[in-house]
Amino acid sequence: MKCIFVFFALALTFSSCKKSENNASSDIAQPEPVAEIVSFDIEPDIIMYNKTGVDTSYSKPLDVDQDGFSDFLLSLTTYSTNRLTGGHSPVPNHWTDIAISSFGPDNKIGSFKDCNNSSCVPYAKFLDSGQVINNSIVYFNMGVGHDFKLYNGVPDQPELDVTGIKYIPLILNNKYFAWIKVESFGRSGRKVIVKSVGFNRTIMMPIRAGERGT
């Protein structure tokens, strides 16, 4: 009987120690996710510009994460003034649209306007360097053919009369926040230059506009 009691006491002690060890290991704080910023310069720059002023249309794909698959499509279209409809104000020379649209359902563009239907023409959101790109921005994907305007020469759309270096916020593959760096020349310049891209490879972790990897 004495031997059985000693064995039982030792087993109880061992079980208690093991439980304490398990509790201690569960109390260890898990490491916080670390940002993994990846960025690329576009070489050469993608220049969206109709220098001649004649009617034209062309597009250029953009691979933000450099995986060999296009994520977004940049497009330029110029119309003669006599083709303007919808009661817009008169436009000197030609009316030029420069826009961006998404390939695939998982790539989304930060929108200046809160609209997500085929009859709405949204404007892309422009950020200054250092502004945070996160879920507080409205993002949409309306597919190729439903463009987010980067430039429009129509005078009654002042939202797109933007000059200088700006950043377009994106969501890439439905899990990474990203940016595109552009130089815009305003209504009189009729030109947008795409200069670089960047994204945070840590899932759904914010990135600042223009933030570069080390």
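Coordinates for the structure precede this section.
Residues numbered from 1 in each chain as written. Predicted model: local features only at pLDDT ≥ 70, side-chain atom pairs only at ≥ 80, totals over all residues. Heavy atoms only, no water.

Re the sheet that holds strand S9 (residues 163–172)
Read across the open sheet, the six strands follow the order S1-S11-S10-S9-S5-S7; overall the sheet is antiparallel. Lying at the two open borders of the sheet, with one neighbouring strand each, are strand S1 (37–49) and strand S7 (139–140). (Pairing = 2+ DSSP bridges. Helix = DSSP H or I, 4+ residues; strand = E, 2+ residues; numbered from the N terminus.)

A closer look at the nonpolar core
What tends to happen in soluble globular proteins is that the nonpolar side chains get buried as a cluster. Val64, Leu150, Ile168 and Ile180 are the most contacted members of the largest nonpolar core, which totals 30 residues. Mapped by element, the contributors of at least two residues to this core are S1, strand S3 (72–80), strand S4 (94–102), strand S8 (148–152), S9, strand S10 (176–185) and strand S11 (191–200). (Core = buried A, V, L, I, M, F, W, Y, C linked by side-chain atoms within 4.5 Å. Buried < 20%, exposed > 50% of the residue type's maximum accessible area, 1.4 Å probe, protein only.)

A look at the pairing of S11
Among the ten residues that make up S11, eight are buried, leaving the element largely enclosed by the rest of the structure. Bridge analysis of S1 against S11 gives nine bridges, and the strand direction is antiparallel. Across the sheet, the residue bridging to Val38 is Phe199, located in S11. Here S10 pairs with S11 via seven bridges, running antiparallel. Each residue of the ladder has a partner; that of Ile180, found in S11, is Val197.

Examining the side chain of Ser111
Along the chain, Ser111 turns up in the loop between strand S5 (108–110) and strand S6 (132–133). Other than its neighbours up to four places away in sequence, Ser111 contacts Pro122, Tyr123, Lys125, Val138, Phe140 and Phe148. (Contact = heavy atoms within 4.5 Å.)

Things to note about the pattern of salt bridges
Throughout the structure, instances matching the rule amount to six salt bridges. Asp128 is paired through a salt bridge with Lys166; the nearest N and O atoms lie 2.5 Å apart. Here Asp128, found in the loop between S5 and S6, pairs with Lys166, found in strand S9; they are 38 residues apart in sequence, far enough to count as distant. For Lys166, a relative accessible area of 18% corresponds to the buried category. One salt bridge connects Glu183 with Lys195, and the closest N-O pair in it is separated by 4.0 Å. On the criterion of sequence distance, the pair formed by Glu183 in strand S10 and Lys195 in strand S11 is long-range, its members being twelve residues apart. Judged by relative accessible area, which is 25%, Glu183 ranks as partly exposed. Judged by relative accessible area, which is 23%, Lys195 ranks as partly exposed. (Salt bridge = Lys/Arg side-chain N within 4 Å of Asp/Glu carboxyl O.)

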